[in-house]
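Listed here are the chains, written in short residue letters.
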Amino acid sequence: MQELVRAVGVHGPRSCRQSQPLAQSLPRQSLGGLLHAGERWHSPPPWLGSAKVACREMSHSNSSSGRSYEDAVAALNSLQSNAAYINKLVKDGVRSTNDDNRLLSCAEMIGLGPNELSNLSVIHVAGTKGKGSTSAYCESILRHNGFRTGFFSSPHLVSLRERIRLDGRPISTLKFTSYFWKTYDLLLGQKIPPSSMPPYFAFLTLMAFRLFLEEKVDVAIVEVGIGGERDCTNILQNVSVVGITSLGIDHTALLGNSLPSIAWQKAGILKPTAVAYTVPGHAPEALEVIRQRSIERMCPVEVVPSLDQYLWPTLQSREAALSLFWTQQINASLALQLTNAWFQRRLLSNSVNTVLPPNATLKEAPSFSISEETATGLLACRWPGRNHILESDCGRIRYFLDGAHTVESMSACVEWYKRSLPMRPGLRHALLLNMTGDRDCLQIMKPLFSCAFDKVFFSPNIFHSPISKGDSVNLRVTTSSQLKQTRALYDLWVAKYQNVETNGNDSNMCSASPKVYLKNSVNDALAELQDENMEWCVLVTGSLHLVGAVLSVIDPELIKSEKS
């Protein structure tokens, strides 16, 4: 499918103000942190416990020695653990891992010792829902205020380079290739065999931090991968500002199956060097865990106010901000507090907190006046795949893309979808759905049953594109296992409607039963809509990886999606 698309959303100008010098670094703290999503080295490497090794300075010399971006992607993909190994880690209890020293040893081998990491000024963001959007808002706000920004996020939608951004743009293939091979070769030079290399996410984390330091960013916005306490990004101990977004039940095998256990993990990024902010609406038991951890970590946490409490530079900017969907309004308010705190701490040379009494946390953060640059940065932000609308140039197909994959986020997604639908007769409605991981799929799907879809497609996160370079290869799952999981999801949906037909109507379900299709790829699903001369509204949800697969087909360079 080669349909051209255009972005639908709020636009704003970019700032060209000169970048400011780096802020004075925070005092050095001891390091700690673990791997991402249950990843491990395949065998205990022989270099554990060895003395610190001086690292050669990374430069932009031709150290890749003719090796291409495709070679780098292939080598990175080879670092992924296979599905059986991940399953064994979960079975054995990954939360009791003791691999901290291995990651830190690797960090020092590429020049990321405690002193080096302390020179990186960081906003660190964790949470179940909205951490990517909040981080993207932070990056855009700071960039429009004239700062040189680095942004590390996951997962990517189309290209690996999306995970590491400089000044709001994914790094170039040349820069990715150069930094990848420098990092890889430095580790090989310390006699680390490929089988003992840091896993996929850990490697990218180290590479991103090294790149941000070399590229002299003023601030690095770092989105946690999974959890917080034991995430790879938590080797950062000298953090200036911390954010915790909305919480929900997800990744239970790694984080626990209750909100308090998940809150404990997320609040693991709180640091004595930082000030922290969180969003309203947490369950009381989760909020109590955050409060206790803030006291333990000597890190004050404040709850952000609603977006309408800020003083906006113009009526137009206020109206535009308040027109955001309510979930994005929460994320936007958190981003405003995080960036304002970073501004203030920069001015105050990042003074360190003192021990807090129990009642000195979880108060509401005060609102403040917003500058024109900050308002522009907030409203110009683009974060594809979240409350994201793309319309075909012919106007016949409008895509609604949202990577919702928890009960709460799916409810919000359906509300957003219904509110965003065009109000004109003759429209047809379709759903493209998939879910991955160990989730309660039926519970997550429930809000979707209230929508009047004409067609429902189930597809694995598989696509076919002539320009694919292996960026979306996932060696942790096979094609057959993806198809099997998608088939199980299809069967759940069909069984639910069959049960209603047998036992009577469910008041929460649309009375009309849609046509349901099981497809082998997103190309096959989207082709069904191309063959009909009708106007379609297509909701794509359930997995960011599914959203990425669809974007790889309809907007493979993300040019339309990221246009501002």
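Computed from a predicted structure; not experimentally measured. (Residues numbered from 1 in each chain as written. Predicted model: local features only at pLDDT ≥ 70, side-chain atom pairs only at ≥ 80, totals over all residues. Heavy atoms only, no water.)

1. Thoughts on the sheet that holds strand β5 (residues 169–170)
Line of reasoning, step 1. With mixed pairing, the eight strands of this open sheet are ordered in space as β5-β4-β3-β6-β2-β7-β8-β9. Edge strands, defined here as strands with exactly one partner in the open sheet, are β5 and β9 (301–303).
Line of reasoning, step 2. Note that strand β2 (residues 122–126) and strand β7 (residues 241–244) share four bridges and pair parallel. From the neighbouring strand, Ala126 faces β7, where its bridge partner is Ile244.
Line of reasoning, step 3. Relative to strand β6 (residues 219–223), helix α5 (residues 131–144) is tilted by about 170°, and along the sheet it contacts β2, β3 (149–152) and β6. (Pairing = 2+ DSSP bridges. Helix = DSSP H or I, 4+ residues; strand = E, 2+ residues; numbered from the N terminus. Contact = heavy atoms within 4.5 Å. Axes fitted to C-alpha atoms, helices over the stretch in contact; angles between N-to-C directions.)

2. A short note on the UniProt feature "binding site: Mg(2+)" (unreviewed entry) in the protein
Line of reasoning, step 1. As annotated in UniProt, the feature "binding site: Mg(2+)" (unreviewed entry) corresponds to Ser154, Glu223 and His251 in the numbering used here.
Line of reasoning, step 2. Within the secondary structure, Ser154 sits in the loop between β3 and β4 (164–166).
Line of reasoning, step 3. Beyond its immediate chain neighbours, meaning those up to four positions away, Ser154 contacts Arg163, Phe201, Glu223 and Gly225.
Line of reasoning, step 4. Inspection of the secondary structure assignment puts Glu223 in strand β6.
Line of reasoning, step 5. Not counting residues within four places of it along the chain, the set of residues in contact with Glu223 comprises Val125, Lys131, Gly132, Ser135, Phe152, Ser153, Ser154 and Thr233. (UniProt positions renumbered as here; feature names shortened; annotations may be inferred.)

3. Points about the packing of aromatic side chains
Line of reasoning, step 1. In this structure the tally under the stated criterion is 24 aromatic pairs.
Line of reasoning, step 2. For the pair Phe180 and Phe203, a centre-to-centre distance of 4.9 Å together with 45° between the ring planes defines the contact as tilted. You can see Phe180 sitting in helix α6 (residues 173–189) and its partner Phe203 sitting in helix α7 (residues 200–214), a full 23 residues away along the chain. By the burial criterion, Phe180 is buried, and Phe203 matches it.
Line of reasoning, step 3. The rings of Tyr69, Phe176, Phe180, Trp181, Tyr184 and Phe203 are connected pair by pair, giving a single aromatic cluster.
Line of reasoning, step 4. Across the ring face of Trp181, the terminal group of Arg67 is positioned such that the distance to the ring centre comes to 4.1 Å.
Line of reasoning, step 5. Over the face of the ring belonging to Tyr179 we find Lys182, whose NZ or CZ atom lies 5.1 Å from the ring centre. (Phe/Tyr/Trp six-rings, centres within 6.5 Å; stacked < 30°, edge-to-face > 60°. Buried < 20%, exposed > 50% of the residue type's maximum accessible area, 1.4 Å probe, protein only. Lys NZ or Arg CZ within 6 Å of the ring centre and 35° of its normal.)

4. Points about the pattern of salt bridges
Line of reasoning, step 1. On inspection of all chains with the given rule, the structure shows 18 salt bridges.
Line of reasoning, step 2. Among the salt bridges present, the one from Lys519 reaches Glu528, with a minimum N-O distance of 2.7 Å.
Line of reasoning, step 3. On the basis of relative accessibility, which here comes to 23%, the residue Glu528 falls in the partly exposed class. (Salt bridge = Lys/Arg side-chain N within 4 Å of Asp/Glu carboxyl O.)

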